[in-house]
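Chain by chain, the residues:
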Amino acid sequence: SFQHIIWKLKAKFFIRKLFKAYMNNPLQLPDYMLKRYDRLNNEVSLREQPFEQRGTNIERYRRKLEFVRLICDYIAGMTDSFAMDEFKNLYLPIS
C-alpha cells in the first residue's frame with residue numbers, strides 16, 4: 001500500500017541520518033559502544049584522548065570497516081521508539 005511505502009521511506013531516512021551522525025562524530029555513540037570497539041581493536045578511547053588528537057583519530061576510525069559495522073550493529077539493535085528519540089536528540093533543537 002501507499003502508506004507502507006511512505007513508512008519504509010521514512011524509516012530509511014531516519015536510519016541513514018543516525019548512521020551519518022555517528023560517523024561524523026563517534027563521540028555521540030554511548031560509552032559502552034566506543035569501549036567495545038576500542039577493546040576489540042586495541043585502541044585508546046576517543047574520550048580519553050587529548051582534544052587536539054581526536055580529529056585525526058576520528059578519521060582513522062571512519063576508515064575502518066569494524067567501526068562501520070559497530071555503528072550498523074548499534075542502530076540495528078534500536079527499537080523504533082528509541083531510534084526516533086535518538087534522531088530527535090541528534091537533529092532537532094531543544095525546546
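Before any of the text, the structure's been laid out above.
Residues numbered from 1 in each chain as written. Predicted model: local features only at pLDDT ≥ 70, side-chain atom pairs only at ≥ 80, totals over all residues. Heavy atoms only, no water.

(A) How the structure looks around the environment of Glu 59. Structurally, the position occupied by Glu 59 is in helix H3 (residues 51-62). Measuring from C-alpha to C-alpha, the distance between Glu 59 and Ala 21 comes to 14 Å, with 38 residues separating the pair along the chain. (Helix = DSSP H or I, 4+ residues; strand = E, 2+ residues; numbered from the N terminus.)

(B) Just the nonpolar core, in detail. In this structure, Leu 18, Tyr 22, Leu 29, Phe 67, Ile 71 and Met 78 are the most contacted members of the largest nonpolar core, which totals 19 residues. For this core, the secondary-structure elements that each account for two or more residues are helix H1 (2-24), helix H2 (31-41), H3, helix H4 (65-76) and helix H5 (80-91). (Core = buried A, V, L, I, M, F, W, Y, C linked by side-chain atoms within 4.5 Å. Buried < 20%, exposed > 50% of the residue type's maximum accessible area, 1.4 Å probe, protein only.)

(C) Summary view of the side chain of Gln 49. Relative to the helices and strands, Gln 49 resides in the loop between H2 and H3. By relative accessible area, which is 9% here, Gln 49 ends up buried. There is a polar contact of 2.4 Å between the side chain of Gln 49 and the side chain of Asn 57. With residues up to four places along the chain from it excluded, the contact list for Gln 49 reads Val 44, Arg 54 and Asn 57. (Polar contact = N/O pair within 3.5 Å; in protein donor to acceptor, adjacent residues only side chain to side chain. Contact = heavy atoms within 4.5 Å.)

(D) A look at H3. Helix length check: H3 (twelve residues) gives 17 Å between terminal C-alpha atoms against 16 Å at 1.5 Å per residue, within 8%. Lining the buried residues of H3 we find H1, H2 and H4. (Expected span 1.5 Å × (residues − 1).)

(E) Spotlight on the pattern of salt bridges. Applying the stated rule across the entire model yields six salt bridges. Glu 43 is paired through a salt bridge with Arg 60; the nearest N and O atoms lie 2.4 Å apart. Here the residue Glu 43 occupies a position in the loop between H2 and H3, and Arg 60 occupies one in helix H3, the gap between them amounting to 17 residues. Take Arg 60: its relative accessible area is 27%, and that puts it in the partly exposed class. Between Glu 59 and Arg 62 there is a salt bridge, and its shortest N-O distance comes to 2.4 Å. (Salt bridge = Lys/Arg side-chain N within 4 Å of Asp/Glu carboxyl O.)

(F) Quick peek at the packing of H1 against H5. Close contact between H1 and H5 brings their axes to 10 Å; oriented N to C, the two are set at 55 degrees. On the basis of their axis angle, the class for H1 and H5 is oblique. Between H1 and H5 lies a crossing whose hand is left-handed. In this structure, H1 uses Trp 7, Phe 13, Phe 14, Lys 17, Leu 18, Lys 20, Ala 21 and Tyr 22 to contact H5, whose residues at the interface are Asp 80, Ala 83, Met 84, Glu 86, Phe 87, Leu 90 and Tyr 91. Here the contact of H1 with H5 is built from residues that sort into eleven nonpolar, no polar and four charged. (Axes fitted to C-alpha atoms, helices over the stretch in contact; angles between N-to-C directions. Parallel < 35°, antiparallel > 145°, perpendicular 65-115°, else oblique. Left-handed = near helix turned anticlockwise from the far one by under 90°. Nonpolar A, V, L, I, M, F, W, Y, C, P; charged D, E, K, R; others polar.)

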